[in-house]
Amino acid sequence: INTKLPTVGTTIFTVMSKLAADHQAINLSQGFPDYATDKKLIAEINQAMKEGFNQYAPMAGYLPLREQIAEKTQNFYQAIYDPESEITITAGGTQAIFTAINAFITAGDEVIIFEPAYDCYAPTIKLLGGLVKPFELQAPDYKIDWEMVKKLFSANTKMIIINSPHNPTGSILRKEDIDALIKLTKDTDILILSDEVYEHIIFDGEQHQSVALYPELAERSFIVASFGKLLHTTGWKIGYCLAPAKLMAEFRKVHQFNVFSVNTPMQVGIANYLSTSNIYLEIPTFFQEKRDFFQQLLATTKFKLLPCKGAYFQCVNYSHISNEKDIDFAQKLITDFGVATIPISAFYTKNVDHKVLRFCFAKENSTLEKAVEKLKKL
Ligand code: GLN
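Residues numbered from 1 in each chain as written. Predicted model: local features only at pLDDT ≥ 70, side-chain atom pairs only at ≥ 80, totals over all residues.

- For the protein chain, the name recorded in an unreviewed UniProt entry is Methionine aminotransferase, with Pedobacter helvus as its organism.
- Recorded in UniProt under Cofactor (unreviewed entry), the annotation for the protein chain is "pyridoxal 5'-phosphate". (UniProt positions renumbered as here; feature names shortened; annotations may be inferred.)

1. Comments concerning the environment of Ala-96
Next, step 1: Position of Ala-96 among the secondary structure elements: in helix H4 (residues 93-104).
Next, step 2: Here Ala-96 falls in the buried class, since 28 other C-beta atoms lie within 10 Å of it.
Next, step 3: Each C-alpha atom, one on Ala-96 and one on Ser-194, is 11 Å from the other, the two residues being 98 residues apart in sequence.
Next, step 4: Those residues in contact with Ala-96, other than ones at most four positions away along the chain, are Thr-90, Val-224, Gly-239, Tyr-240 and Cys-241. (Helix = DSSP H or I, 4+ residues; strand = E, 2+ residues; numbered from the N terminus. Buried ≥ 20, exposed ≤ 12 C-beta atoms within 10 Å, placed from the backbone. Contact = placed C-beta atoms within 7 Å.)

2. Here's the deal with the site of the ligand
Next, step 1: The full set of residues close to the ligand is Phe-13, Gln-30, Gly-31, Thr-94 and Asn-167.
Next, step 2: Taken together, the residues of the shell around the ligand sort by class into 1 nonpolar, 4 polar and no charged. (Near = placed C-beta within 6 Å. Nonpolar A, V, L, I, M, F, W, Y, C, P; charged D, E, K, R; others polar.)

3. A look at the pairing of strand S5 (residues 157-163)
Next, step 1: Burial within S5 is extensive, with 7 of its 7 residues counted as buried.
Next, step 2: Of the pairings in the sheet, the one linking S5 to strand S6 (residues 191-195) comprises 5 bridges and is parallel in character. For Ile-162, the partnering residue across the bridge sits in S6 and is Ser-194.
Next, step 3: At this point the chain moves from S5, through helix H7 (residues 175-185), to the parallel S6, and the crossover so formed is right-handed. (Pairing = 2+ DSSP bridges. Right-handed = clockwise from strand over helix to strand, strands pointing away.)

4. A word on the sheet that holds strand S12 (residues 342-343)
Within a beta sheet, neighbouring strands are joined by backbone hydrogen bonds and run either parallel or antiparallel to one another.
Next, step 1: Read from one edge of the open sheet, 4 strands run S9-S10-S13-S12, paired in antiparallel fashion. Edge positions in the sheet fall to strand S9 (304-305) and S12, since each has one partner strand and no second.
Next, step 2: Across 5 bridges, the pairing between strand S10 (residues 313-317) and strand S13 (residues 356-360) is antiparallel. Within S13, the position partnered with Phe-313 by the bridge is Cys-360.

5. With respect to helix H13 (residues 326-337)
Next, step 1: Of all the residues in H13, the buried ones are Asp-326, Ala-330, Leu-333 and Ile-334. The arc enclosing the buried residues of H13, seen along the axis, measures out at 95°, which places them on a common side.
Next, step 2: The inward-facing, buried residues of H13 abut helix H1 (12-22), strand S11 (339-340), S12 and S13.
Next, step 3: Among the residues trailing H13, Gly-338 stands out with phi positive, at a value near 75°. (Arc of directions from axis to C-beta.)

6. What about helix H2 (residues 39-50)?
Next, step 1: Taking 1.5 Å of rise per residue, the 12 residues of H2 would be expected to cover 16 Å, and the 16 Å separating its terminal C-alpha atoms lies within 8% of that figure.
Next, step 2: Within the sequence span of H2, burial applies to Leu-41, Glu-44, Ile-45 and Ala-48. Down the axis, H2 shows its buried residues gathered within 95° of arc, on one side only. Turned more than 90 degrees away from the buried face of H2 sit Lys-39, Lys-40, Asn-46 and Lys-50, all of them exposed.
Next, step 3: Lining the buried residues of H2 we find helix H9 (227-231) and helix H11 (264-274).
Next, step 4: Taken from the residues just after H2, Gly-52 is the one with a positive phi, measuring 95°. (Expected span 1.5 Å × (residues − 1).)

7. What to know about the UniProt feature "domain: Aminotransferase class I/classII large" (unreviewed entry) in the protein chain
Next, step 1: The sites that UniProt annotates as "domain: Aminotransferase class I/classII large" (unreviewed entry) are residues 25-375.
Next, step 2: A distance of 12 Å separates the end C-alpha atoms of residues 25-375, which is 39% helix and 16% strand.

8. What to know about the environment of Ser-194
Next, step 1: Within the fold, Ser-194 resides in strand S6.
Next, step 2: Once the C-alpha coordinates of Ser-194 and Ile-97 are considered, the two residues, 97 residues apart in sequence, prove to be 8.9 Å apart.

9. Things to note about the packing of helix H12 (residues 279-298) against helix H14 (residues 365-375)
Next, step 1: In the contact formed by H12 and H14, the axes pass within 10 Å of each other and the chain directions differ by 15°. In terms of orientation, H12 and H14 fall into the roughly parallel class. Every pair of crossing elements has a handedness; the one defined by H12 and H14 is right-handed. The residues of H14 that touch H12, namely those facing Phe-293, Phe-294, Leu-297 and Leu-298, are Asn-365, Leu-368, Glu-369 and Val-372.
Next, step 2: Of the residues that constitute the contact of H12 with H14, the class distribution is 6 nonpolar, 1 polar and 1 charged. (Axes fitted to C-alpha atoms, helices over the stretch in contact; angles between N-to-C directions. Parallel < 35°, antiparallel > 145°, perpendicular 65-115°, else oblique. Left-handed = near helix turned anticlockwise from the far one by under 90°.)

10. Points about the domain arrangement of the protein chain
Next, step 1: Its domain assignment divides the protein chain into domain 1 (12-37 + 279-375) and domain 2 (39-274).
Next, step 2: Computed from C-alpha coordinates alone, the two centres of domain 1 and domain 2 are separated by 24 Å.
Next, step 3: Between domain 1 and domain 2, the residue contacts involve 31 residues of the former and 34 residues of the latter.
Next, step 4: Elements supplying a minimum of two residues to the side of domain 1 that touches domain 2: H12, S10 and S13.
Next, step 5: The greatest single-element share of the side of domain 1 that touches domain 2, amounting to 7 residues, is contributed by H12.
Next, step 6: Taken together, the residues of the side of domain 1 that touches domain 2 sort by class into 22 nonpolar, 6 polar and 3 charged. (Domains from an automatic or database assignment.)

11. Some details on the packing of helix H3 (residues 63-77) against H11
Next, step 1: One can describe the packing of H3 onto H11 by two numbers: an axis separation of 8 Å at closest approach and a directional angle of 40°. As summarised for this structure, H3 and H11 are arranged oblique, according to the angle between their axes. The chirality of how H3 crosses H11 is left-handed. In contact with Pro-64, Leu-65 and Gln-68 of H3, H11 contributes Gln-267, Ile-270, Ala-271 and Leu-274.
Next, step 2: Of the residues belonging to the contact of H3 with H11, the class tally is 5 nonpolar, 2 polar and no charged.

Quick look at the structure:
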């Protein structure tokens, strides 16, 4: 049988979380919080179920939740998205990304991505016969050299995937990056898929440069967001996509036959919770404290810290500690030291090994302390 993804294995997140569990290691690999969810939010979800919100939601999502999203997008980014036709609730960010790519990419279409890149982009493109055009970012700050990116453009360039704050590196795009992207794609039909799932996790007073802030890009863009990251509930698998009506109509043609609609009580509960909570204000401070705390702890280890401006990931270089390949070194950290991380080579289509590991710091301070105590033995 001809298989469609011969070179694709199991996602690194599944592999490392399983290894962590098997060896009872502290799991700083897959990105998810280990602290409790807000009781008020859980009460809202329970209430929604009790009130009978247990049947299919509208295909595009529960309207009051879409209205909440429209209001938030206008407040943060001064952009108007029509809840009826331009916002769709999805089963997490990954489903939104998968659906946007599926709605437009066909065999031979080229998609530019920036590596290290979140691991779902390339396989989704390949599944459709699309061609991945990776641009390799360079440590330590993983800035995009747009003059060099220009060389990847061809008549077949259909889409560019950007991601800020960036998973796995924690780098962010700045206004000059977006200006360069606008200049490069001006007067083209190139679609932008902007993965902004960490939009509220940004540090040191930096401003998130949502594509929604730039109408000339937004008119060709899908923006992907995540409630899992906002509400510390990654297991609820709920997020959303924003796009102009014409693009969203195509997105929904795929969405309706993939998931049809997302689970109803979560949507109702989240909509009610957001109408009274201060979560958007609290979240940046909460994670700034976590990042600072974790960086201070890691400074007592041998690792060299890379800059982290956003998202809840801290990357470190270990080339001065060991010559082992990152995947082997990550495995050793689990088996011999009891701490699980993500090897960055998993985020490249090429075979590369820059000896960089990613830690997730969306954890209780005590978890971070315990992990670093173990890492100090290195
Ligand atoms: N986004 C999470 C991370 O980067 C993982 C999500 C997943 O496991 N699919 O760790």
